[in-house]
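Report on the structure
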Amino acid sequence: MNGHLITISNLFKHFPMGKGHFTALKDISLNFDEGEFTGIVGPSGSGKTTLLNIIGSLDSPSEGSAVVMGQDIATLTLKAAARLRKRHLGFIFQTYNLLPVYNVFENVEFPLLLLRMSAYERKKAVMHALEWVGLGDKTGSRPKQLSGGECQRVAIARAIVKKPAIVLADEPTANLDAANSHHILKTMSTLNRELKTTFIFATHDDKVIQYLKRKITLEDGKVAKDEMTAGS
Amino acid sequence: MLAFKLAVKNLAGAGLRTWLNAFVLSLAYVVIVWHSGLLEGWNRMARHDMIEWDIGGGEIWFEKYDPYDPFSYQDAHAPVPENWTREVQQGRMTPVLLTTASFYPEGRIQSVLIKGIDPAQSVLKLPADSMRTDEEIVPVMIGKRMADSNHLKKGDYITIRWRDRHGTFDAAEVKIAHIFKANVPTIDNGQIWMPIEQLRQWLKMPGEATYLVLGQNEKPASAEGWTYQGHDRLLAEMDKMIRQKSVGGMILYTLMLLLAMLAIFDTQVFSIFRRQKEIGTQMALGMTRTQVIGLFTIEGAMHGVLAAVMAAVYGIPLLSLQAVRGLKMPEGMDDYGVAVAEKIFPVYSAGLIAGTVVLVMLTTTIVSYWPSRKIAKMKPTDAIRGKLQ
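Everything in this summary refers to the structure shown in the same document. (Residues numbered from 1 in each chain as written. Chains lettered and ligands numbered in written order. Predicted model: local features only at pLDDT ≥ 70, side-chain atom pairs only at ≥ 80, totals over all residues. Heavy atoms only, no water.)

Within chain B, the regular secondary structure consists of 11 helices and 13 strands. Expected size for 389 residues packed as a compact globule is a radius of gyration near 21 Å; at 32 Å, chain B overshoots this value by more than 25%. Viewed in the frame of its principal axes, chain B has a C-alpha envelope of about 100 × 45 × 35 Å. Looking at chain B as a whole, 51% of its 389 residues are labelled buried. (Helix = DSSP H or I, 4+ residues; strand = E, 2+ residues; numbered from the N terminus. Rg over C-alpha atoms; globule rule 2.2 N^0.38 Å. Buried < 20%, exposed > 50% of the residue type's maximum accessible area, 1.4 Å probe, protein only.)

Spelled out as structure tokens, the structure:
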């Protein structure tokens, strides 16, 4: 590692389109460090989610490199990428992506099952994470019994339960009202402060932007601006 | 172990859907076992009846006797060897004399096989003692199939014409003393049974027989010109028929298995498309593709386990009851030439049940794995978005 948690150098991402291809990311070079609370902002189609997917090892660069926790995403095998996600990355999705047949406790417990933690440790960690997001009393509820805000808080608990180094959040407030959005952002901000977890958001929501310490603006797949904000 | 735990959670979470799938699959188990058991019961009964009514513990044929060549019957007779006299008298073996003849039902001439047997015999289940009568007219008995096909009934008189050992034609009127019902067509169709002594007189063959039927476990001394025929030989035709019937049974077996496969395959394919987002999320959370495939395969296979339990719950009492009470066969099956008892008692062997369970589970595992492989081709980013592929 070169001291940065994430190092992106001259990254390009092409997608096939018809006979040619569409370039979603063009020559991106960025670094992210521990404890950042960073937003990748920009209009739809600017490449935010694509960049987040590459950092999350769900996709790979077409050119250039993305090194996350010392591992080059471009050269990772599927198994190694899964291991990286399992150990070091947490995900928060716009549509929560909770597992519908599991209750709140089981949803949050899921990443710990993959880490093969003992039942005792799992229970302790899950309850701790649920307390963080204020859902300690909803352990037995199914996702369909929860409101949108509660679902997203479960998703946050699931993302942070294993205490990952990086949490990637793709439009986490897009389906939430203003009150719930602020509640969630405050929770994530506190987690960032207290656990030193790096949060990277893909968003175009102004409510999110006001919480960010760093804002990276993408336009047409290129970094248009990279600035520290008032929140920092 | 993790995949197993998660599969249990997924199945429990799916609730009614899981039980519906398991129920459909359990039907396959029960129907396969029931049908195979029914065939097995039918086969066993057919063999059992054949032994009881026709071939006893085996037969000893005079060397010129060929059951497939009616022309051989004229010369296929000889005096019963003296060294078997005691066994015959003790009822441990019974002689049968054969000849071809003609009879005239409703004014028509028809060929018939006359079989002479001792009315006092107890080697075969044939009700030969019904031919014991004080009447002067010769009593005969025929099977129900023979009676039905010639519109004959008990008490009818028929004329029989035959040739004696010298080739001289003779004829006599006989009375149908009894019509027996047996599941064995080989003692029924085109045959008339009569007292052997009377037939010997008609044919001028005193003390002679074409073959002798042995009682169970009888092993008489050998005699020159007579050949022992064991069950292997005498039941060969029936065994061949059973094998052919088993092929027919296999078709239903395969159909049921296909139904089971389809139920699971359909569920799995539907699951994979419906649960794309879930699969993508699991991958994002760190599951490998192999783990996801394993999870879906185990989920499918566990439907097989649940179905086996469910099938046991309602199948064991149902099938046991039928094995004890038997299954009543429809009237008139005989008319189609099917040798079948009024009731069939299915036989369920441990091998049949274990084999079916193993086969269905193996099949469900394979058809669960098959669509699960599709996951391996799914990009996590597409799966998370629930993008149909």
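To continue, consider the pairing of strand β3 (residues 37-41) of chain A. Residues and elements named next belong to chain A. Along β3, five of the five residues are buried, which leaves the element largely enclosed by surrounding structure. Judged by which residues are buried, β3 turns out to be covered on both faces: F37, G39 and V41 on one side and T38 and I40 on the other are all buried. Summarising the sheet, β3 and strand β8 (residues 198-203) pair through five bridges and their orientation is parallel. Of the residues in β8, the one forming a bridge with T38 is I200. The pairing of β3 with strand β9 (residues 214-219) spans four bridges and is classified as parallel. Note that in β9 the partner of V41 across the bridge is T217. (Pairing = 2+ DSSP bridges.)

Attention shifts here to the environment of A80(A). Residue and element names in this part refer to chain A. Checked against the element boundaries, A80 lands in helix α2 (residues 78-88). By relative accessible area, A80 is classed as buried at 13%. Separated by 23 residues in the primary sequence, A80 and S57 place their C-alpha atoms 9.4 Å from one another.

Taken as a whole and judged by the stated rule, the model has 13 aromatic pairs over all chains. One aromatic cluster is present, built from ring pairs that chain together W61(B), Y65(B), Y73(B) and Y211(B). Sitting over the ring of F32(A), R214(A) keeps its end group 5.0 Å from the ring centre. Stacked on the ring of Y102(A), the Lys or Arg K9(B) has its end atom at 5.7 Å from the ring centre. (Phe/Tyr/Trp six-rings, centres within 6.5 Å; stacked < 30°, edge-to-face > 60°. Lys NZ or Arg CZ within 6 Å of the ring centre and 35° of its normal.)

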